[in-house]
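What the coordinates show
Now for the letters of each chain:
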Amino acid sequence: MIDKNIVRFGVSIDEKLITKFDAHILDKGYVNRSEAIRDLIRNELVSQQIEDPDSESFGTLTIVYNHHHGDISDKLNHLQHDYFRNIVSTTHIHLDAHNCLEVLILKGKAGVLKSLADMILSIKNVRHGKFVITSTETNLDV
């Protein structure tokens, strides 16, 4: 049975590009090109949505740091208390005798979340970090 809400369209694409795309979708485990293209479209729509600093968003911030350097633990603690309304949860893992991994789950306005992530990532002795944000406003249930 064909879903009447599905729109079919053709795309002209260079042979080398489609070969690379097919290899990519195979590596990622997509069943077909359509699923891969739908995900690319969804990703672009979310990227556009989070450009608006007032859009409601969720995010994760993962950081690795050495807790023995400076007053990094105190700085992280103060920032997290200052932004407690935007922090849903934190997970703290001791990687070894010196290094910690922390994951913060964030919610709120995209601009606030980006600012908070930037403040934490710029703290001296944060060795590595990654901020990932997604929108909760765009209906992408297709």
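This report concerns the structure included in the present document. None of the values given here were measured: they were computed from a predicted structure.

**Thoughts on the pairing of strand S3 (residues 99–109)**
Note on strand geometry: in a regular strand, side chains alternate between the two faces of the sheet. Examined bridge by bridge, strand S1 (residues 56–66) and S3 share 11 bridges and lie antiparallel to one another. Bridged to Ile63 within S3 is Glu102. Alignment of strand S2 (residues 87–94) against S3, held across 7 bridges, turns out to be antiparallel. Of the residues in S3, the one forming a bridge with His94 is Cys100.

**Looking at the pattern of salt bridges**
Going through the model one piece at a time under the given rule, you end up with 5 salt bridges. In this structure, Glu35 and Arg38 form a salt bridge, with 2.5 Å as the shortest nitrogen-oxygen distance. Separated by 3 residues within a single helix, Glu35 and Arg38 lie in helix H2 (residues 33–49), roughly one turn from each other. Among the residues examined, Glu35 registers a relative accessible area of 30% and is labelled partly exposed. Between Asp71 and Lys75 there is a salt bridge, with its nearest N and O atoms 3.5 Å apart. Relative accessible area serves as the criterion here: at 41%, Asp71 is assigned to the partly exposed category.

**Focus: the side chain of Arg42**
With respect to the secondary-structure elements, Arg42 resides in helix H2. On the accessibility criterion, Arg42 (17% relative accessible area) is buried. At 2.6 Å, the side chain of Arg42 forms a polar contact with the side chain of Asp39.

**Thoughts on the layout of surface pockets**
Approximately 700 Å³ is the volume found for the largest pocket. Contributing to the lining of the largest pocket are 20 residues, with Phe9, Ser34, Ile37, Arg38 and Ile41 lying nearest its centre. Breaking the lining of the largest pocket down by element, the ones donating at least two residues are helix H1 (15–28) and H2. In terms of residues, the lining of the largest pocket owes the most to one element, H2, which gives 8 residues. Its residues assigned to classes, the lining of the largest pocket comprises 14 nonpolar, 2 polar and 4 charged.

Reading guide: rules and limits
Residue numbering note: each chain is counted from 1, following its sequence as written. The predicted nature of this model means local features are confined to residues of pLDDT at least 70 and side-chain atom pairs, given and counted, to a pLDDT of 80 or more, with totals for whole chains, interfaces and linings taken over all residues. Side-chain calculation: all heavy atoms of the structure are included, whereas hydrogens and water are not. Here the rule is simple: two strands pair whenever DSSP picks up at least two bridges between them. Helical segments are the DSSP runs of H or I of at least four residues, strand segments are the runs of E of at least two, and each set is numbered from the N terminus. Whenever Lys or Arg places a side-chain nitrogen within 4 Å of a carboxyl oxygen from Asp or Glu, that contact is recorded as a salt bridge. Accessibility here uses a 1.4 Å probe with only protein chains present; expressed as a share of the type maximum, an area under 20% marks a residue as buried, one over 50% as exposed, and anything in between as partly exposed. In the analysis that follows, any N or O atom pair within 3.5 Å is treated as a polar contact, provided that within protein one partner can donate a hydrogen and the other can accept it, and provided that, for residues neighboring in sequence, both atoms belong to side chains. As defined here, a cavity is a set of points on a 1 Å grid over the protein atoms alone where a 1.4 Å probe fits but cannot get out. A pocket is an open set with protein on both sides within 12 Å along at least five of seven lines, and residues line them when an atom is within 4 Å of a point. Grid points are joined across faces, edges and corners, and a volume is the space filled by probe spheres set on the points. As a working rule, the residues Ala, Val, Leu, Ile, Met, Phe, Trp, Tyr, Cys and Pro are called nonpolar, Asp, Glu, Lys and Arg charged, and the rest polar, with Gly in that last group.

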